[in-house]
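Below, each chain spelled out in residue letters.
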Amino acid sequence: MKAGSMIFSLLHVPGCRIQSLTNFWGETFNNFSNTCGNNSGIRRLSSRIYGLQGGNRKKWTRPITTNTEGNRSTTSKSIKHEIVNETILASSTVNVNKTQLAQFQEIEYCDLQQEIAQNKNLSSLVTVIVFDIETTGFSRENERIIEIALRDLQGGENSTFQTLVNPQCKVPNSHIHGITTQMVNKPGVPRMVDLIPILLKYVRTREKPGGYVLLVAHNARCFDVPFIINELRRYSMEIPPNWLFLDTLPLARELMKSGGTELSSTSLAALRDLYRIKVDGSAHRAMVDVDTLSLILPRLTFDLKLTLSGLVKKSFTESDITYSKKKKN
DNA sequence: AACCAGGCGCATGGTAGCGG
DNA sequence: CCGCTACCATGCGCCTGGTT
């Protein structure tokens, strides 16, 4: 089904009122501007608090910053069905016996119906989080994450998460991001194994009840997501089943292909220039790039006439990456 | 530097249309 | 029926560009 027709059909599904993404981003922008005050640029968040959601008095002893304003049983593959499709596909090429298939389809169908019945619109179901990582290099096998930043586009209290990560090795590419070995290899900077539970807990606090998380990054499919998957697997952990990923690089390609813009390339910098977004801080630091992408995403989706459901349709899961790898081998 | 997706050009195979 | 030509779909390899 073409994207255009899909959007049309979704908008006409009774009981499945899809907000236009522009409205969704509108709310986000309001929250965002309230958060940032009157400045047109995004102000770097300097205050440090230790703990999540205020209510929890347990103190963190790690340099993780947030701002101060304020197990599902279905497979990850089925998530997109539940959110995007008004009906579940009846045909399947999965090689299982017919009884199993029928049972599986029934479960998915029931889930979908429940989702639609229980959720008035997608924005009450999906949490959109823009994220970025800095690493010691390109190889996901040999290199390590040294900084991670996230921003929940709904805003509110603790809507950002940012921390350096101790890679327990040298940082050979400080000239790229300005993060040195001395900055990360010291007490107080969490190691990945310490950070993962905190990170997972943070994302959980941003989820809507029974909802899904759409994690957005530039070149997510080929860089950020494989890195995160590898780091988790290193400690025998998995991506939560309700996480979806969205890569803005193919969206940039789509925009460039459609013509009508002055987009010179599909890089984050080119998108930043196109939308005349000022960089507040040094580019190639995780939070700066997150803030940049947070401003690019609404404009990009507006230009591509995408709804939130359209974004979910373009999203992918951990298994999508694993599967495409296996297909190549 | 590693890895991946997309674009492009080229080769190949299947099919339809036409004339002898 | 056979041979030729044109067209289309598909697959492969190579190159480019994105990320730190």
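Keep in mind that what you see is a predicted model, and the values were worked out from it rather than measured.

Draft legend 1. Seen up close, the pairing of strand β4 (residues 212-217). Along β4, 6 of the 6 residues are buried, which leaves the element largely enclosed by surrounding structure. Burial along β4 is two-sided: the residues Y212, L214 and V216 and V213, L215 and A217 are all buried. Bridge count between strand β1 (residues 126-135) and β4: 5 bridges; the pairing is parallel. Of the residues in β4, the one forming a bridge with I129 is L215. Bridging between β4 and strand β5 (residues 243-247) involves 5 bridges; their strand directions are parallel. Counted as the bridge partner of A217 is D247 from β5. For the crossover from β4 across helix α8 (residues 220-234) to β5, the handedness is right-handed.

Draft legend 2. Just the UniProt feature "domain: Exonuclease" (unreviewed entry) in chain A, in detail. Look at the UniProt record and you will see "domain: Exonuclease" (unreviewed entry) annotated at residues 127-306. Secondary structure content for residues 127-306 is 41% helix and 18% strand, and the end C-alpha separation is 17 Å.

Draft legend 3. Layout of the pattern of salt bridges. Within the structure shown, the criterion is met by 7 salt bridges. Linking E318 and R233 is a salt bridge whose minimum nitrogen-to-oxygen distance equals 2.7 Å. Highlighted residues: E318 in helix α13 (residues 318-328) and R233 in helix α8, separated in sequence by 85 residues.

Draft legend 4. Local environment of the sheet that holds strand β3 (residues 160-164). Strands sit in the order β3-β2-β1-β4-β5 across an open sheet of 5 strands; the sheet is mixed. Since the sheet does not close on itself, it has two edges, and those belong to β3 and β5, each with one partner. Adjacent strand axes in the sheet meet at a mean angle of 25°, parallel and antiparallel pairs treated alike. Inspection of the sheet shows β1 paired to strand β2 (residues 145-152) by 7 bridges, in the antiparallel sense. Within the sheet, the bridge partner assigned to I133 lies in β2 and is I148. The sheet contacts of helix α9 (residues 248-258) involve β4 and β5, and relative to β5 the element is tilted by about 35°.

Draft legend 5. Spotlight on unusual backbone geometry. Although it is not a glycine, N219 adopts a positive phi angle of roughly 65°. The residue N219 is located in the loop between β4 and α8 in this model. On the basis of relative accessible area, N219 is assigned to the partly exposed category, the value being 26%. Located in the positive-phi region is S236, a residue other than glycine, with phi close to 55°.

Draft legend 6. Structural detail: the confidence of the model for chain A. Scored by pLDDT, chain A comes out at a mean of 72, with 61% of its residues at no less than 70. Considering each helix and strand of chain A separately, the mean pLDDT is smallest for helix α1 (residues 3-11), with a value of 30, and largest for β2, with 97. Scored below 50 in pLDDT, residues 1-20 makes 31 contacts in the model with residues more than four places away or belonging to other chains.

Each value, and the rule that gives it
- Residues numbered from 1 in each chain as written.
- Chains lettered and ligands numbered in written order.
- Predicted model: local features only at pLDDT ≥ 70, side-chain atom pairs only at ≥ 80, totals over all residues.
- Heavy atoms only, no water.
- Buried < 20%, exposed > 50% of the residue type's maximum accessible area, 1.4 Å probe, protein only.
- Helix = DSSP H or I, 4+ residues; strand = E, 2+ residues; numbered from the N terminus.
- Pairing = 2+ DSSP bridges.
- Right-handed = clockwise from strand over helix to strand, strands pointing away.
- UniProt positions renumbered as here; feature names shortened; annotations may be inferred.
- Salt bridge = Lys/Arg side-chain N within 4 Å of Asp/Glu carboxyl O.
- Axes fitted to C-alpha atoms, helices over the stretch in contact; angles between N-to-C directions.
- Contact = heavy atoms within 4.5 Å.
- pLDDT = per-residue confidence, 0-100.

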